[in-house]
Amino acid sequence: MALGSRAASWWARLLSPGPGVVPRGPPAWLAVGLAACRRPYSSGGKEKIDMSTYPVESIRNFSIIAHVDHGKSTLADRLLEITGTIATTDRNKQVLDKLQVERERGITVKAQSASLFYNHKGVKYLLNLIDTPGHVDFNYEVSRSLSACQGVILVVDANEGIQAQTVANFYLAFEAQLAIIPVINKIDLKNADPERVEKQIEKLFDIPVNECIRISAKQGTNIEKVLEKVIEKIPPPSFNTTDPLKALVFDSTFDHYRGVIANIALFGGEIEKGHKIVSAHTKKRYEVNEVGILTPNEQPTDKLYAGQVGYLIAGMKEVTEAQIGDTLFMHKQPVEPLPGFKSAKPMVFAGMYPVDQTEYNNLKSALERLTLNDSSVTVHRDSSLALGAGWRLGFLGLLHMEVFNQRLEQEYNMSVILTAPTVPYKAILSSAKLIKEYGKAEITIINPAQFPDKLSVSEYLEPTVLGTIVTPQEYIGKIIVLCQDRRAVQKDMLYIDEHRVMLKYLFPLNEIVVDFYDALKSLSSGYASFDYEDAGYQAADLIKMDILLNGNPVEELATIIHCDKAYATGKFLCERLKDAIPRQLFEIAIQAAIGKKIIARETLKAYRKNVVAKCYGGDITRRMKLLKRQAEGKKLMRKIGNVEVPRDAFIHVLKRQPDK
């Protein structure tokens, strides 16, 4: 007897009434259990799709790229509806944005893929769509997505026109030699001006006006034209099913029950359940448990063929086993590994510590799983006297750091302390002893505590970025002043049309990393947009500023700063500390120092008992004697007293704050 029928008969005996009792049906919760026992077992209950009916010629792989908030995810929703992939309802908003943080902030953080089926002129086509993020911090996601595509849809807002990230994403696709379909979205808005945007596209990107498609993703206007253009203009992948298996892992997630789920693009051959595959990175061998496509939920299939994009589950238990950019091939059929991805270069570093040190192992496990899903984060072990054991993490930008922290809290229920963000500096050593110790003449400094003394260094270097600002012309004056305050050097200025200007500046990275974007938005009433790319290192007059409490340096509050900004930053930190540190029975001197020189000071006054309260009249010498004795006691207490900065004070001081 099958297990299901045995369980069903057991339930029936349990529920059968005794003699003379009127039979009653089981309670609702038992009825559900009984029905489940009788139901035949199936893996997810999904009908498998035969992928062999879609030859390479009828496959199109494409991404949607655009500036932030230009309507990529809304266009993806309409494409999913029009191809029948999801039901058409009013609730379809950001269908591909699955993370809680994406829905809360209204932005795309992770690139998500979905397979669409579409009939055009009697031919069935398989369209693999990847929706990408628009913010500059997630540029790495865009470049990864483009590696699995043959073309892109470039979306531009009909109201705002070309923005900084539109330009950056266009050049990413252009350098990858992909077919580009320009789409002007939001034509239903009152202030939409599609003619102006078409001229901008023609001037900047050299794409003829007649190739632009005007759509409204919200209302579904002209969406069919976009699909037709995708089929006509984007070439099919040039791969062959008869070649040996070659699959690129371009994303991966971790499931507690099934292990690692790898998103793959097939560059040759075919793959099915039971195949023995090998990872080119780890050299480990796996047996394929399940393959399928994303529609956008997982849909198992019998096989995946060359040119198709899908997912694979192969019993990978460790998060480190599915490296993004890895190549999978058939056992005993080795192939030349694909070039993979250029590793992401962290632009911002911050210390991360558990609020409670007993949570250290849990946080370590959460970090491993989250960095599998977000491989652009770099992790190094670190420790601090005040905050305990932790890590130094490298992020692509400040929004990336905030989103990562929010995902840790929401997905893994972890509370952490993040220290002030810093950027990676370099020092060229002149001391032979230090060169021997480090094994090289040029070192990278990601923690201010490792900053070498000026006497042993011939030159300090700071990272720079080439920033692109697109703004209405009436705000140019204010923006130029802001850029000059941030030590930026103007490189180019171009009028896109009679109203908009594109400025190019060379910025020191530490000047823009904290609050430049916020300042730019407030100066331009939200109209200016900003994008940047790495521009190498340049020589700079850098110094290490220490914070002293009663003459003792506090390691966690040390910062590396340009000498022009030292005084203002030192004064600001001393004022913040004065508010954050609790008063003691003795006076505390809070000082900012560069080497031996004190550049700013605040004094936290002591709690003081009124020792002359009992004196009512009489000689002044009696009062003076009591006050003198109190002052001597305070002086002695200050010598032996130890100032401990509470953790709350660290968090208060290290919190990101705009310049004052």
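Right above here is the structure, for reference.
Residues numbered from 1 in each chain as written. Predicted model: local features only at pLDDT ≥ 70, side-chain atom pairs only at ≥ 80, totals over all residues. Heavy atoms only, no water.

**Regarding the overall build of the protein chain**
In terms of regular secondary structure, the protein chain is built from 17 helices and 31 strands. In the protein chain, of all internal contacts separated by at least 6 residues, the share reaching a separation of at least 24 is 69%. Of the roughly 32,200 Å² of accessible surface on the protein chain, 51% is carried by carbon and sulfur atoms. (Helix = DSSP H or I, 4+ residues; strand = E, 2+ residues; numbered from the N terminus. Contact = heavy atoms within 4.5 Å. Areas by Shrake-Rupley, 256 points an atom, 1.4 Å probe, with all protein chains shown as cover.)

**Comments concerning the nonpolar core**
Within soluble globular proteins, side chains that are nonpolar tend to cluster in buried spots. Residues Ile469, Phe507 and Phe516 are the most contacted members of the largest nonpolar core, which totals 36 residues. Elements represented by at least two residues in this core include exactly strand 21 (425-429), strand 22 (442-445), strand 23 (457-472), helix 12 (476-485), strand 25 (500-508), helix 13 (509-512), helix 14 (516-523) and strand 26 (529-539). Those residues in contact with Phe507, other than ones at most four positions away along the chain, are Pro463, Thr464, Val465, Gly467, Ile469, Cys483, Ala488, Ile512, Phe516 and Phe530. (Core = buried A, V, L, I, M, F, W, Y, C linked by side-chain atoms within 4.5 Å. Buried < 20%, exposed > 50% of the residue type's maximum accessible area, 1.4 Å probe, protein only.)

**Re the sheet that holds strand 3 (residues 123-131)**
Read across the open sheet, the 6 strands follow the order 2-3-1-4-5-6; overall the sheet is mixed. Each edge of the sheet is formed by a strand with only one pairing partner; in this case those strands are strand 2 (112-120) and strand 6 (213-214). Bridge count for strand 4 (residues 151-157) against strand 5 (residues 179-185) is 7 bridges, and the pairing is parallel. Paired with Asp157 across the bridge in strand 5 is Asn185. Sheet contacts for helix 3 (residues 72-82): strand 1 (59-66), strand 2, strand 3 and strand 4; angle to strand 1, the most-contacted strand, approximately 150 degrees. Here helix 6 (residues 164-175) sits on the sheet and contacts strand 1, strand 4 and strand 5; the angle it forms with strand 1, its principal contact strand, is near 150 degrees. (Pairing = 2+ DSSP bridges. Axes fitted to C-alpha atoms, helices over the stretch in contact; angles between N-to-C directions.)

**Quick look at the packing of aromatic side chains**
Counted according to the given criterion, the structure contains 12 aromatic pairs. Relative to Tyr532, the ring of Phe530 has its centre 5.9 Å away and its plane inclined at 40 degrees; by these criteria the two rings are tilted. Taken as a pair, Phe530 and Tyr532 share a single burial class, namely buried. Among the aromatic residues, ring-to-ring pairing joins Tyr505, Phe507, Phe516, Phe530 and Tyr532 into one connected group. Looking at Lys426, its charged tip hangs above the ring of Tyr537, at a distance of 4.5 Å from the centre. (Phe/Tyr/Trp six-rings, centres within 6.5 Å; stacked < 30°, edge-to-face > 60°. Lys NZ or Arg CZ within 6 Å of the ring centre and 35° of its normal.)

**Overview of the environment of Gln450**
Mapping Gln450 onto the fold places it in the loop between strand 22 and strand 23. Taking the C-alpha atoms as reference points, Gln450 and Lys544, separated by 94 residues in sequence, lie 10.0 Å from one another. Apart from the residues within four sequence positions on either side, Gln450 is in contact with Tyr438 and Ile445.

**Describing helix 14**
Burial in helix 14 covers these residues: Phe516, Ala519 and Leu520. Looking straight down helix 14, one finds its buried side chains confined to an arc of 100 degrees; they lie on one side. Of the surrounding elements, those touching the buried residues of helix 14 are strand 23, helix 12, strand 25, helix 13 and strand 26. A positive phi of about 55 degrees marks Ser525, the residue just after helix 14. (Arc of directions from axis to C-beta.)

**A short note on the environment of Ser73**
As for its placement among the helices and strands, Ser73 is situated in helix 3. Residue Ser73 is classed as buried on the basis of its relative accessible area of 12%. As a C-alpha pair, Ser73 and Asp131 span 58 residues in sequence and 6.6 Å in three-dimensional space.

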